[in-house]
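So the chains spell out like this:
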Amino acid sequence: MDNTKNTALVLGATGGIGGEMLRQLLAAGWQVRALTRGETPPPRGDRIEWLRGDALSRADVLAAAKGCAVIVHAVNPPGYRHWGRLVLPMLDNTIAAAIAENATIVLPGTVYNFGPDAFPVLTEDAQQRPLTRKGAIRVALEARLEWAATQGARVLIVRAGDFFGPRAGNNWFSQGLVKPGQPVRSILYPGAPGVGHQWSYLPDVARTMVRLLAMRAALPAFARFHMAGHWDHDGRQMTGAIARAVEQATGAPPVIRRFPWWLVALASPFVATLREMREMRYLWQTPLSMDNAQLLAVLGQEAHTPLDEAVRATLEGMGNLKATDKKNAPGLPAR
């Protein structure tokens, strides 16, 4: 199979990390195919091909991956329903396509597959002893990918902290700290006072993955890397950056409040998303930073947008700062 062309298939291209990977691959000169369950978006140039299909259909994935050198596996079940039952079959379809095409699978990794025994500084080869059901599934995902790397596929896993970004979807930033599309009058912070937390800006994560893909032939068949991202050492760096962006845009600083974990506990038996959030609370109670020494040894440096710039772009992309710039807002004096 001739995979000399830089053609990549993106599964989950309408999601946060999948969409960012699509944009960064195009910017780096790749030909891109994107598989989507819904209506295909309007054409965006001659280097992207939208295909109708479902990642749960092996035939769809095999057909879409024909001739591709890379498959980005950034897909989740519709609405995150039945996540525990569907994510492994979806990955198995990707693995089958990658083996057939001798392609490289790219998986955006998380820290869910680790328990506190691996903290406070997390390395790639730390023991994976997850505390949650989702973490156990993440361990199984990586185990299947390690097997795939012995069967003719190649694998690149980049683990990062909590995602945030202009087009990010389901994440703590947009589901916990602020509400998309609304003025930011308050920030709800889930972490315990003084406990550090790891954040990762989606465009930086995608740029790093694309840079690693460019040198994939020199990497091990099963390669894992950690990104340092943005380390919030005391839980105040992220909320401070949000407050500065909002005050600069509106003239009014938001109030920082504690996240209502008590409410999550009450409602979680009835709301699947809240159950997932509650399961992951331990990540807000224990300091966790990621060691990127292995990444630096390969790339020399990590893509790193300054925090204030990244947060402002995120809030603008989420619609939190639209039409609120104080230079144009009525009743606010110019400075």
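Here the structure is a predicted model, which means the values were calculated and not measured.

Participant: Any chance you could break down empty space enclosed by the protein for me, citing the residues and the numbers?
Facilitator: By the definition in use, this model includes 1 cavity of 30 Å³ or more. What the largest cavity holds in volume is close to 50 Å³. Taken together, Thr104, Arg154, Val155, Leu156, Leu212, Leu213, Arg216, Leu219, Pro220, Ala221 and Ala223 form the lining of the largest cavity. If one sorts the elements of the lining of the largest cavity by residue count, strand β7 (residues 154-159) sits on top with 3 residues.

Participant: How would you summarise the pattern of salt bridges if you had to cite specific residues and measurements?
Facilitator: Where charged atoms from two side chains of opposite charge approach closely, those side chains can pair. For the coordinates displayed, the defined rule picks out 10 salt bridges. Residue arginine 224 pairs with glutamate 142 through a salt bridge whose shortest N-O separation is 3.8 Å. With arginine 224 in strand β11 (residues 222-226) and glutamate 142 in helix α4 (residues 133-148), this residue pair connects regions lying 82 residues apart in the sequence. Classification of glutamate 142 as buried rests on a relative accessible area of 4%. The structure contains a network of salt bridges with shared partners spanning Glu20, Arg23 and Arg167.

Participant: Talk me through the packing of helix α1 (residues 16-27) against helix α6 (residues 202-214); I want residue IDs and the actual numbers.
Facilitator: At a closest axis distance of 9 Å, the pairing of α1 and α6 adopts a crossing angle of 55°. The orientation of α1 with respect to α6, classified from their angle, is oblique. Between α1 and α6 lies a crossing whose hand is right-handed. Residue-level inspection shows Gly16, Ile17, Glu20, Met21, Gln24 and Leu25 of α1 in contact with α6, the latter providing Leu202, Pro203, Val205, Ala206, Arg207, Met209, Val210 and Leu213. Residue composition of the contact of α1 with α6, grouped by class: 10 nonpolar, 2 polar and 2 charged.

Calculation rules
- Residues numbered from 1 in each chain as written.
- Predicted model: local features only at pLDDT ≥ 70, side-chain atom pairs only at ≥ 80, totals over all residues.
- Heavy atoms only, no water.
- 1 Å grid on protein atoms, 1.4 Å probe; cavity = no way out; pocket = protein on both sides within 12 Å on 5 of 7 lines; lining within 4 Å.
- Points joined across faces, edges and corners; volume = space filled by probe spheres on them.
- Helix = DSSP H or I, 4+ residues; strand = E, 2+ residues; numbered from the N terminus.
- Salt bridge = Lys/Arg side-chain N within 4 Å of Asp/Glu carboxyl O.
- Buried < 20%, exposed > 50% of the residue type's maximum accessible area, 1.4 Å probe, protein only.
- Axes fitted to C-alpha atoms, helices over the stretch in contact; angles between N-to-C directions.
- Parallel < 35°, antiparallel > 145°, perpendicular 65-115°, else oblique.
- Left-handed = near helix turned anticlockwise from the far one by under 90°.
- Contact = heavy atoms within 4.5 Å.
- Nonpolar A, V, L, I, M, F, W, Y, C, P; charged D, E, K, R; others polar.

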